[in-house]
Amino acid sequence: MPASTVLVIGSDRAALDQIRSVLTGAGYQVSDLEDVEEALRVVADHHVVVIDALKGPRSASDVCSEIRRAPALAAVPVLCIAQGDDVEDRVRFLEAGADDVIARPFDARELEARIEALLLRFQHSRGVAPTTLPSATPAPVRRLVACFSPKGGVGTTTLAVNIAVALAQRRPDRVAIVDLDPQFGQVATHLNITPRQTIAELSRDETALDEPELLRTYAERAEPGLHVYAAPGSPATAELVTPQTVGRILATATSRYDAVIADGGSFVDERTLVLFERADSVVLVVHPEIAALKALHSLLEFLAESGIVGSKTLFVVNHLFAREMLKPRDIENLLGSRIAIEIPHDTFVYLKAVNEGIPVVVGAPRSQAAARLTKLAAIAIGEAASEAGAADGERRGLLGIKLGI
Ligand SMILES: Nc1ncnc2c1ncn2[C@@H]1O[C@H](COP(=O)(O)OP(=O)(O)O)[C@@H](O)[C@H]1O
Ligand SMILES: [Mg+2]
């Protein structure tokens, strides 16, 4: 196969030489040009364009929008290089139509990976057939699982990540986790990965939002075959993720994966409501403490008004601490609903898991914690019944919420 061609545009000769040597080393055929006019004339002859800093009348984002305005160049992806980690810069490039942005200083491997991802995405949009992996394990009945808690710091991300990893162990490359925590999502941290792209960049990509194989290029792979759609790195870029893009990401992801787990964080907004509506299971993490239960009560009242609470809600009690004041029966009475499963406290395995970025089900597979989390995963996707046993009809709890559970 002939090498893919990369055009690098920039005013700094030393920087151009550096980029050229990285990309040539990776097997690409590279042309670099300092003259913008000359470069614009030859964009169409290349598979991908990289725009570095430009001195002179036109800035890198001007040149980027110029390329994006030319319909004939729509199939040529543009990667812009931001000169620092300033969010404004990145947003400006994305608004100018850049398909991806990388910030200085960057690692040679990161540049290579971004170029490769762009080529893959654009190759697909030129009509390469999507690959469908055969799956030995059948797809579950409940495929989209939302994890949420109205209070932060109670283990929502821990549960979401472990559910996802437990499912991916049986279905490698057929399970995704989407970090929808609107602020500072930590799924990537729990998995010890550094995302090259996030759902903010994905939200800018009109084609990838609806095309499963292009969507996949925005995921980072974590062992044992979990595809991770990371949260935006900052509140500024998080604004690119709208309720509409959340709906499209979830729809496209559920069409590609056997199971999709979403970490909904602890904040209700329109994006969370889209998630709740689409989810087949909503795992509500319950911390057995009065303030957390009150917050949960308010949430349930709100959801009941919106007609969202229903048989898909699973209450999971997570024992963050060794000693609890509230007994499961008290909690069930307060909620007016059965607890689906309890996750016991462990002073060591969870701490180790976060510090090392290896989820409990992988890092401590023989622990009681891993067994409970694996059971939770099975309940969440409808493969196992809740431990509370059969549904108990409609109950009214002490908090006055009527739940059809
Ligand atoms: N059952 C548990 N026992 C002990 N520690 C836990 C348990 N569940 C979670 N943790 C710890 O609680 C902290 C907060 O968890 P995290 O999942 O980040 O919460 P959230 O997403 O709700 O903010 C983490 O350090 C995690 O290791
Ligand atoms: Mg979290």
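Residues numbered from 1 in each chain as written. Chains lettered and ligands numbered in written order. Predicted model: local features only at pLDDT ≥ 70, side-chain atom pairs only at ≥ 80, totals over all residues.

Participant: Residue-level account of the packing of helix H12 (residues 243-256) against helix H13 (residues 270-278), with values.
Facilitator: Relative orientation of the contacting elements H12 and H13 amounts to 30°, with a least axis distance of 8 Å. In terms of orientation, H12 and H13 fall into the roughly parallel class. Viewed along their axes, H12 and H13 form a crossing whose handedness is right-handed. From H12, Pro 243, Val 246, Gly 247 and Leu 250 reach across to H13, where they touch Glu 270, Arg 271, Val 274, Leu 275 and Arg 278. (Axes fitted to C-alpha atoms, helices over the stretch in contact; angles between N-to-C directions. Helix = DSSP H or I, 4+ residues; strand = E, 2+ residues; numbered from the N terminus. Parallel < 35°, antiparallel > 145°, perpendicular 65-115°, else oblique. Left-handed = near helix turned anticlockwise from the far one by under 90°. Contact = placed C-beta atoms within 7 Å.)

Participant: Hey, could you go over the sheet that holds strand S3 (residues 48-51) for me, with residue numbers and the actual values?
Facilitator: With parallel pairing, five strands are arranged side by side in an open sheet as S2-S1-S3-S4-S5. Among the strands making up the open sheet, the edge pair consists of strand S2 (29-33) and strand S5 (100-103). Here the average twist between neighbouring strands, direction ignored, is 20°. Inspection of the sheet shows strand S4 (residues 78-82) paired to S5 by four bridges, in the parallel sense. Looking at the pairing, Cys 80 lines up with Val 101 of S5. (Pairing = 2+ DSSP bridges.)

Participant: Which residues make up the site of ligand 1, and what are the values?
Facilitator: Lining the immediate environment of ligand 1, one finds 18 residues, of which Gly 155, Thr 156, Thr 157, Thr 158 and Tyr 350 sit closest. At the level of elements, helix H6 (156-170) and helix H16 (349-356) are the ones that each hand at least two residues to the shell around ligand 1. When its residues are assigned to classes, the shell around ligand 1 shows six nonpolar, eleven polar and one charged. (Near = placed C-beta within 6 Å. Nonpolar A, V, L, I, M, F, W, Y, C, P; charged D, E, K, R; others polar.)

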